[in-house]
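# Fold and contact review
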Amino acid sequence: MGAEPTEPPKVRAKLWDGPTRIVHWALVILIGFAWWCVKANQTEWHLWAGYGILGLIVFRLIWGFAGSASARFTSFVKGPRATLAYAQTLSKRSAVDVAGHNPLGGWSVVAILAAILSQVITGLFSVDVDGLESGPLSDRVSFETGRLFAKWHDLSFTAIKLLVVLHLSAIAFYALYKRANLITPMITGYRAFEADPKLSFAPLWRAGLVAVAAAAVTWWVMKGLRP
Amino acid sequence: MAFQKQLLALSLLAGLVSGVSVVQAHEHMGPMPTTPAGKAVYTRHENFKQQGAAFKAVRDELKKDAPNMALISSNAAKLKSSADALPTWFPKGSGPEAKYETDAKPEIWSDPVKFAAAVKRLQVETAKFQPIAAGGDLGAIKAQAQAVGGACKNCHDSFRVPEEK
């Protein structure tokens, strides 16, 4: 055996803030639950799950502008050149030391958020075939249009399922091929870096304020946009 | 620069969302087929759409702070007459074997006793609903509307092809 290359010292530093992690895992749980509700014919619960998801997505969108550095869209939404440049490094065995979403992952986040948003919006206008449980904004559209929204709701869910498969495949690829663990940081918030990225984090009171705003928007939508 | 990036992210998000809606063509049945089975499937679909619209009109009113009672009453009458006519919407040969797109299950014709009972339940509930709707007691209307919807669901669960889940 020759001399092993000495590993550079690693620094454990915070990467994902609490709100981002909570939103992530709450979305996993609630989307899974909403899916189960449909399978089990629990339409009333399905609507409640949908309201929860609406609140989470509104929170995450605001947090993308007002949250911690690693949660902001400006920090991870990159142009085509940077994205392409990153894509060309994918085959390298070593993970690039990006403090947050890499350019490809950033676009995956945008796609997942868009799919969830379209899922929620189509659900709001959906009319079910028995007419018993319908979205809170379904009275704004005709029966036929409401049924059409239900079809789009289903189509949009196919998009979410595909994105989830892609998401999990990427995590597996980073784990097996690049030896980079993406899961633990999303649970604990901490990751080992070559050097401390010194990310800035939003104070908790701001998360509280955004949560109140998201809850208010959700309440308003639940009530059919009535004051 | 930062602001431009945020704008880019936001507009892309909006684009993706609206893209989903635009890609979809509006559902329509096209012209009425000329064969008897085709005509039956087509007419049945139109009739159910009208029945669904009438029930939705009731439900929409019931969501409001001040429901329009006249609208509830007129749609309750529509529901009753459409439920009464419903048995004629399923002539033999208008099932999936007719090769027209339909969610009617073959069990409608292979288990006519059970189907007749499911239809009867809708007729009973809509017959009850009409005087209640005309009466104007909001609580009673809400309860009976629930019973009418339950009758729709009861029949769909056995005799309508389930939606993809």
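Residues numbered from 1 in each chain as written. Chains lettered and ligands numbered in written order. Predicted model: local features only at pLDDT ≥ 70, side-chain atom pairs only at ≥ 80, totals over all residues.

### Quick notes on the overall build of chain A
How we decide: A run of DSSP states H or I qualifies as a helix once it reaches four residues; a run of E qualifies as a strand once it reaches two. Both are numbered from the N-terminal end. Counting other C-beta atoms within 10 Å of each residue's C-beta, where C-beta atoms are placed from the backbone, gives the exposure class: buried for 20 or more, exposed for 12 or fewer, partly exposed between. A residue pair is marked as a contact if its C-beta atoms, positioned from the backbone, fall within 7 Å.
The helix and strand inventory of chain A stands at 8 helices and 2 strands. In chain A, the succession of α and β elements from N to C terminus is β-α-α-α-α-α-α-α-β-α. Taking the principal axes of the C-alpha coordinates as reference, chain A spans close to 75 × 35 × 35 Å. The burial tally for chain A puts 33% of its 227 residues in the buried class. Counting contacts in chain A only where the partners sit at least 6 residues apart, residues at least 24 apart contribute 71% of the total.

### What to know about the overall build of chain B
Along chain B, the regular secondary structure elements total 6 helices and 0 strands. Secondary structure elements of chain B occur, N-terminal to C-terminal, as α-α-α-α-α-α. Looking at chain B as a whole, 27% of its 165 residues are labelled buried. Here the analysis covers contacts within chain B between residues at least 6 apart in sequence; of these, 67% occur between residues at least 24 apart.

### What about the nonpolar core?
To keep things clear, this is the line we draw: Only buried Ala, Val, Leu, Ile, Met, Phe, Trp, Tyr and Cys residues enter a nonpolar core, and they are joined through C-beta atoms within 7 Å.
Ile 53, Ile 57, Phe 59, Leu 113, Ile 116, Leu 117 and Val 120 of chain A are the most contacted members of the largest nonpolar core, which has 37 residues in total. Residue assignment for this core shows that the elements contributing at least two residues are helix H1 (18-39), helix H2 (43-66), helix H3 (73-76), helix H5 (103-125), helix H6 (143-176) and helix H8 (204-222) of chain A. With 11 residues, H5 of chain A is the single largest residue contributor to this core. Filtering out sequence-adjacent residues up to four positions away, Ile 57 of chain A remains in contact with Leu 113, Ile 116, Leu 117 and Val 120 of chain A. Counting 24 residues, the second largest nonpolar core, distinct from the first, contains Phe 55, Val 58, Ala 76 and Cys 152 of chain B.

### Section: the packing of H2 of chain A against H5 of chain A
If you want to describe how two helices pack, look at the angle between their axes and the distance between the axes. All names here are of chain A. So the rule is basically this: To get an axis, fit a line to the C-alpha atoms, keeping to the stretch in contact for a helix; angles then go from 0 to 180 degrees between the N-to-C directions. Put simply, angles under 35 degrees are roughly parallel, angles over 145 are roughly antiparallel, angles from 65 to 115 are roughly perpendicular, and the rest are oblique. When the near helix sits turned anticlockwise from the far one by under a right angle, the crossing is termed left-handed; a clockwise turn instead gives a right-handed crossing.
For the pair H2 and H5, the least separation of the axes is 10 Å and the interaxial angle reads 140°. The angle between H2 and H5 falls in the class oblique. The two elements H2 and H5 cross, and the hand of that crossing is left-handed. Taken together, the residues of H5 that come into contact with H2 (itself represented by Gly 50, Ile 53, Leu 54, Ile 57 and Arg 60) are Leu 113, Ile 116, Leu 117, Val 120 and Gly 123.

### Quick notes on unusual backbone geometry
Residue and element names in this part refer to chain A. The phi dihedral of Asn 41 falls on the positive side, at around 60°, and the residue is not glycine. Relative to the elements of secondary structure, Asn 41 occurs in the loop between H1 and H2. Residue Asn 41 is classed as partly exposed on the basis of its 13 C-beta neighbours within 10 Å. The backbone of Arg 179 shows a phi angle near 55°, a positive value even though the residue is not glycine.

### Some details on the packing of helix H2 (residues 36-63) of chain B against helix H6 (residues 138-159) of chain B
All names here are of chain B. Inclusion rule: Three residue categories are used. Nonpolar comprises Ala, Val, Leu, Ile, Met, Phe, Trp, Tyr, Cys and Pro, charged comprises Asp, Glu, Lys and Arg, and polar comprises the others, including Gly.
Closest axis-to-axis distance for the H2/H6 pair is 11 Å, and the angle between their directions is 145°. Relative to H6, the crossing made by H2 is left-handed. Residues Phe 55, Val 58, Arg 59 and Leu 62 of H2 form the contact with H6, whose participating residues are Ile 141, Lys 142, Ala 145, Val 148 and Gly 149. Of the residues assigned to the contact of H2 with H6, the class counts are 6 nonpolar, 1 polar and 2 charged.

### Some thoughts on the confidence of the model for chain B
One rule of thumb: low pLDDT means the predicted coordinates there are not for detailed reading. All names here are of chain B. To keep it simple, the criterion reads: What pLDDT conveys is the predictor's confidence in a given residue, as a value from 0 to 100.
When pLDDT is averaged along chain B, the result is 86; 81% of the residues meet or exceed 70. Of all secondary-structure elements in chain B, the lowest mean pLDDT belongs to helix H1 (residues 2-23), at 54, while helix H3 (residues 69-85) reaches the highest, 97. Scoring the predicted complex yields pTM 0.85 and, for the interface, ipTM 0.77.

### Section: the environment of Arg 21 of chain A
All names here are of chain A. Its location among the elements puts Arg 21 in helix H1. Between the alpha carbons of Arg 21 and Ala 71 there is a distance of 9.9 Å; along the sequence they are 50 residues apart. Residues in contact with Arg 21, not counting those within four places in the same chain, are Trp 16, Met 186 and Gly 189.

### What to know about the environment of Val 98 of chain A
Along the polypeptide, Val 98 of chain A turns up in the loop between helix H4 (80-87) and H5. Residues Val 98 of chain A and Ala 71 of chain A, 27 residues apart in the sequence, show an inter-C-alpha distance of 13 Å.

### Section: H3 of chain B
All names here are of chain B. The line we're drawing: Residue count minus one, scaled by 1.5 Å, sets the expected span of a helix.
When the terminal C-alpha atoms of H3 are compared, their 25 Å separation across 17 residues agrees well with the 24 Å that a helix rising 1.5 Å per residue should span. Every buried residue belonging to H3 is among Ile 72, Ser 73, Asn 75, Ala 76, Leu 79, Lys 80 and Ala 83, and all of these are buried. If you follow the buried residues of H3, they end up packed against H2, helix H5 (112-135) and H6.

### What about the environment of Lys 56 of chain B?
The residue Lys 56 of chain B is located in helix H2 in this model. Placed 73 residues apart in sequence, Lys 56 of chain B and Phe 129 of chain B show a C-alpha to C-alpha distance of 14 Å.

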